[in-house]
Amino acid sequence: MNIILLGPPGAGKGTQARRLVEGRGMTQLSTGDMLREARTSGTEMGRKVAEVMDRGELVTDEIVIGLIEEKLTQASGGGFIFDGFPRTLAQADALSQLLDRTGQGLHAVIEMRVDDGALVARITGRYTCGNCGEVYHDQTRPTKVEGVCDVCGSTDLKRRADDNEESLRQRLMEYYKKTSPLIGYYYALGLLRPIDGLAEVDAVSAGIAAVLDDA
Ligand code: AMP
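These figures come from a predicted structure and were not determined experimentally.

Attention now moves to the overall build of the chain. Along its length, the chain carries nine helices and eight strands. The globule rule puts the C-alpha radius of gyration for 215 residues at 17 Å, and the 17 Å found for the chain is close to it. Counting only C-alpha atoms and orienting by the principal axes, one finds that the chain spans roughly 45 × 40 × 35 Å. A burial count over the chain gives 42% of its 215 residues as buried. Taking the contacts inside the chain whose residues are at least 6 apart along the sequence as the reference set, 70% of them involve residues at least 24 apart. Total accessible area computed for the chain in this model is approximately 10,900 Å², and 50% of it derives from carbon and sulfur atoms.

Think of a sheet as strands paired side by side through backbone hydrogen bonds, with each pair either parallel or antiparallel. Spatial ordering of the open sheet is given by β2-β3-β1-β4-β8, a layout of five strands whose pairing is parallel. Pairing within the sheet leaves two strands with one partner each, and these edge strands are β2 (27–30) and β8 (192–196). Shown here is a sheet whose adjacent strand axes are inclined to one another by a mean of 25°, direction ignored. For β2 and strand β3 (residues 80–83), the ladder comprises four bridges, and the chain directions are parallel. The partner of Ser 30 across the bridge, within β3, is Asp 83. The strands touched by helix α2 (residues 31–38) are β2 and β3; relative to β2, the strand with the most contacts, the crossing angle is about 60°.

Within the element layout of this structure, Arg 193 appears in strand β8. Classification of Arg 193 as partly exposed rests on a relative accessible area of 31%. Placed 69 residues apart in sequence, Arg 193 and Thr 124 show a C-alpha to C-alpha distance of 28 Å. In contact with Arg 193, other than residues within four places in its own chain, are Ala 108, Val 109, Ile 110, Glu 111 and Val 211. From its side chain, Arg 193 meets the backbone oxygen of Gly 190 in a polar contact 3.3 Å long.

The next thing to look at is helix α4 (residues 61–72). An ideal rise of 1.5 Å per residue puts 16 Å on 12 residues; α4 measures up with 16 Å between its terminal C-alpha atoms. Within the sequence span of α4, burial applies to Val 64, Ile 65, Leu 67, Ile 68 and Leu 72. The buried residues of α4 occupy one face: seen down the axis, they fall within an arc of 155°. Counted as exposed and oriented over 90 degrees from the buried face of α4: Glu 62 and Glu 70. Those residues of α4 hidden inside the fold are in contact with β2, α2, β3 and α5 (89–101).

Near the ligand lie 16 residues; those nearest to it are Thr 31, Arg 36, Glu 57, Arg 87 and Gln 91. Glu 57 places a main-chain nitrogen or oxygen 2.5 Å from an oxygen atom of the ligand. One of the side-chain nitrogen or oxygen atoms of Arg 160 is found 3.1 Å away from an oxygen atom of the ligand. For the ligand, the accessible surface in isolation is 480 Å², of which the surrounding protein chains cover 96%. Broken down by element, the shell around the ligand gets its largest block of residues, four residues, from α2. Within the shell around the ligand, the residues separate by chemical class into six nonpolar, four polar and six charged.

The next subject is the environment of Thr 88. Here Thr 88 shows up in the loop between β3 and α5. Dropping the residues within four chain positions of it, Thr 88 is found in contact with Leu 58, Asp 61, Lys 178 and Leu 182.

Conventions used here
Residues numbered from 1 in each chain as written. Predicted model: local features only at pLDDT ≥ 70, side-chain atom pairs only at ≥ 80, totals over all residues. Heavy atoms only, no water. Helix = DSSP H or I, 4+ residues; strand = E, 2+ residues; numbered from the N terminus. Rg over C-alpha atoms; globule rule 2.2 N^0.38 Å. Buried < 20%, exposed > 50% of the residue type's maximum accessible area, 1.4 Å probe, protein only. Contact = heavy atoms within 4.5 Å. Areas by Shrake-Rupley, 256 points an atom, 1.4 Å probe, with all protein chains shown as cover. Pairing = 2+ DSSP bridges. Axes fitted to C-alpha atoms, helices over the stretch in contact; angles between N-to-C directions. Polar contact = N/O pair within 3.5 Å; in protein donor to acceptor, adjacent residues only side chain to side chain. Expected span 1.5 Å × (residues − 1). Arc of directions from axis to C-beta. Near = heavy atom within 4 Å. Nonpolar A, V, L, I, M, F, W, Y, C, P; charged D, E, K, R; others polar.

Shown next, in the form of structure tokens:
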């Protein structure tokens, strides 16, 4: 089963995707993670990508579609979770063509609904483990021992360069202008499944599980 997690920055897409990977053996395809890897490559392309990301703008469709295309040709037993992709109508069209070409389908688009006020607090307190990817938050979910990941014990805890208020404002603007039209697009295709992204993490996971079991 292949699904999209759709929602503004800070909606909890990454956290829920990680749970689906662990619980259902699905494969997470996060274009944000792929781009963060590309920006450390030391190439000219990596440098340009870093600049665009830090401003909170979208990277070109061509680059992200290329990244996804590469991954879609590798098989995934449990199905793919598209996390942070597509973010434009052009990307949505490209995804549909890529899935057709590789003989796969799209089964649900989970829209994680949250309000903007909650996003600022969520994003500005966020940090992740550089080793295993576990997500933490200064107020709502700090590590049990300061500076040490609860899951893998790594001390490599990181904050994203674009997780600041100014960049978030731009990322939200990009979301409303370029990504939110996808809500109508997938609604028209009968694939849209809205859930309350402001609920407790476990309740959101349960909502997603119910959608997947029904799809
Ligand atoms: P994320 O980790 O999904 O919040 O993405 C972080 C940043 O990477 C975004 O603010 C964009 O600059 C870039 N990015 C990630 N996915 C895409 C995409 N599908 N299209 C364009 N830019 C993207």
